[in-house]
Structure formats: C-alpha cells, structure tokens
Amino acid sequence: MQKTALIPYAHLPRAHHRRHVLTSTVDVFGAAHWLLAERAPQRGGDVLPYDALIVSVHPSGNVELTELSAVRARWPRLDRLPDGGFVVAASRARRHENANQVQVFDALGRETSSFSVGDAIEHLLVDESGHIWVGHFDENPAGIRRWSATGRLAWTSDGAHIPGLFDCYALNVSRTTAWACPYTDFPLVEIRPDRTAQPVRVRSNRVRGAKALAVHGDRVTFYGGYGERQDRLAHGELTETSVEPTEVSVLTLPNGLAPGRRRVVGRGSRIYVQAEPFTAWGVFDLSS
C-alpha cells in the first residue's frame, strides 16, 4: 500500500524538553502550543492548582512563552483564543468541579473566567471568531456544542438530526466551520452555524473509526481506524449526499515509521499529528 509521510511542522524548543508535556495542540491560525508542567500528574487523588508554562511556536518560527498560575485540570485540553488568551479545560469533570472545568486566561496568563461545558471532552477547538467547539466521547451524550469564550452556549447538535451521534470520534474546526465524523454511523457532518439556510449538512460515509479528517474543496481524507487501520488515510470525494471512496494509503512519520501513540488535530485541509514523546508536530495537507 502506498505510504504518505508527514511533513515536519513545529518542534518544542530543546530548552523545554525537561518539563512534562501535559497536552499540545495547533490552533486555527497554525501556531503550535505546548502546555508544560514540572512533573506528570499522578493518577488518583486530588490535583492541587499548579503553575504551568505554554510554549507557542508560530508558523514564522517565533517562540512565545506564557506563564499560567493555578491551573486545575489533571488531564487538560488546550487551545488559543484570537485575542492571545488561552482556554484550558479538564477533559473529565466531577460534579463538584463543574463550575471550574474550563479556565480562560488572558494574554498575560491571568485567569479571567471559568465555566463548565460538560464531562468527557474528546475535542476542544477554538475557531477564528473565538468560539469554543467541544465534542464529547460516549460517557456524555451531549454530542457537539459551540460555546462563547464566556461560557454561553452558542450552538448545539440537539435537533440537528445527526444519525448515531454517541461519540465525536473526529472533529475539524477551520475559520468558523466544523466538520465531524461521529460514532456510531460515521457520517460526514458539515456544521456552519452562521449559515441560516441548512446550517448542518450530513453525508453518508463508509469509512469507520477515523480519529481525524481533512476537507479541501470537494475532497475529504479520513485518518485512523480500528485495529491495524490506525495509520490509514482513506480518501474520498464529496457528492451532494455522500462521500465516495477513491483510494487508501498509510500515513507515516517523516522518517517512514509508524507514529505509535499520538495526538491529532484537524484544521481545514490539514491533519496535524504528534507522536510520543510529543515534542514535534508533523502535518498532512490535503491541498498540497
């Protein structure tokens, strides 16, 4: 089977390698961010507020450091707001922690607000307007929702007639549009909340188990799958009602090896992949 190698994209500067990578992401403008702490969180027990450092590497190569105080999330999700601030959210939220689940920090690293978006966060992605898209895994049936940076619910998949939406396996947010591929039916869902006519469009899809997706024009690529298909790139073309498969390849690291444990982020035509030890991002770009 044909192999497609990731293109090196962004690296955590070596001066910060001694710290533990809590999480990492690539924002809607293409900057890579690492949330670092002095040590790894311990399983079980309470987590005291801790200090953390965000290292941001911009597409130009410039490096920016932001110090955060009193971070509360043990297993955090991270993204940047268009005003330079950050969102840090606990992926799991016990009832007594709900009000503090999502922390919003300004560009100087000061907490400005906190709110809840619900337990079991699978994806948290900020769009160009500053809205926060959250997709949940199957321990929370809330589906897919879009929040303001102040905690106001701006859009929900309730009533959107998305078939089999029990787990948001894949979510791609670019500009102000989201694309999703949820379990159990795995349709390709196009969500444009600002479009008054047909804000949600659902296309049938035969690819199962993808963890990320990229869309460019009338083409789509799904990344991942079950079992031996976790490195699969399944390509297809969009019709009015469906995704028609075209070809399949295998995605590798730039050196040709399989990624192993990884993080993935979908942004428009791009799928970013970060393999353990989570210090470097590679990119697959469907538009290339």
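Structure's up top.
About the thresholds
- Residues numbered from 1 in each chain as written.
- Predicted model: local features only at pLDDT ≥ 70, side-chain atom pairs only at ≥ 80, totals over all residues.
- Heavy atoms only, no water.
- Pairing = 2+ DSSP bridges.
- Helix = DSSP H or I, 4+ residues; strand = E, 2+ residues; numbered from the N terminus.
- Axes fitted to C-alpha atoms, helices over the stretch in contact; angles between N-to-C directions.
- Phe/Tyr/Trp six-rings, centres within 6.5 Å; stacked < 30°, edge-to-face > 60°.
- Buried < 20%, exposed > 50% of the residue type's maximum accessible area, 1.4 Å probe, protein only.

J.: Describe in detail the sheet that holds strand S13 (residues 144–147), supporting the description with residues and values.
T.: Reading across the sheet, the four strands line up as S11-S12-S13-S14 and stay open at both edges, with antiparallel pairing between neighbours. Two strands in the sheet have a free side with no partner beyond their single neighbour: strand S11 (121–126) and strand S14 (153–156). On average, each strand axis in the sheet is tilted by 20° relative to the strand beside it, whichever way the strands run. Two strands pair when backbone bridges link them, and S13 and S14 are joined in this way by three bridges, in the antiparallel orientation. Its bridge partner lying in S14, Trp147 is registered against Leu153.

J.: How would you sum up the packing of aromatic side chains? Please name residues and give values.
T.: Two numbers describe a pair of aromatic rings. These are the distance of the centres and the angle of the planes. Following the criterion strictly, the structure yields seven aromatic pairs and no others. Ring geometry for Trp133 versus Trp155: centroids 6.0 Å apart, planes at 45°, classification tilted. Of this pair, Trp133 sits in strand S12 (residues 132–136) while Trp155 sits in strand S14, and the two are 22 residues apart along the sequence. The class for Trp133 is buried, based on a relative accessible area of 0%.

Keep in mind that these numbers describe shape and distance, not what the molecule does.
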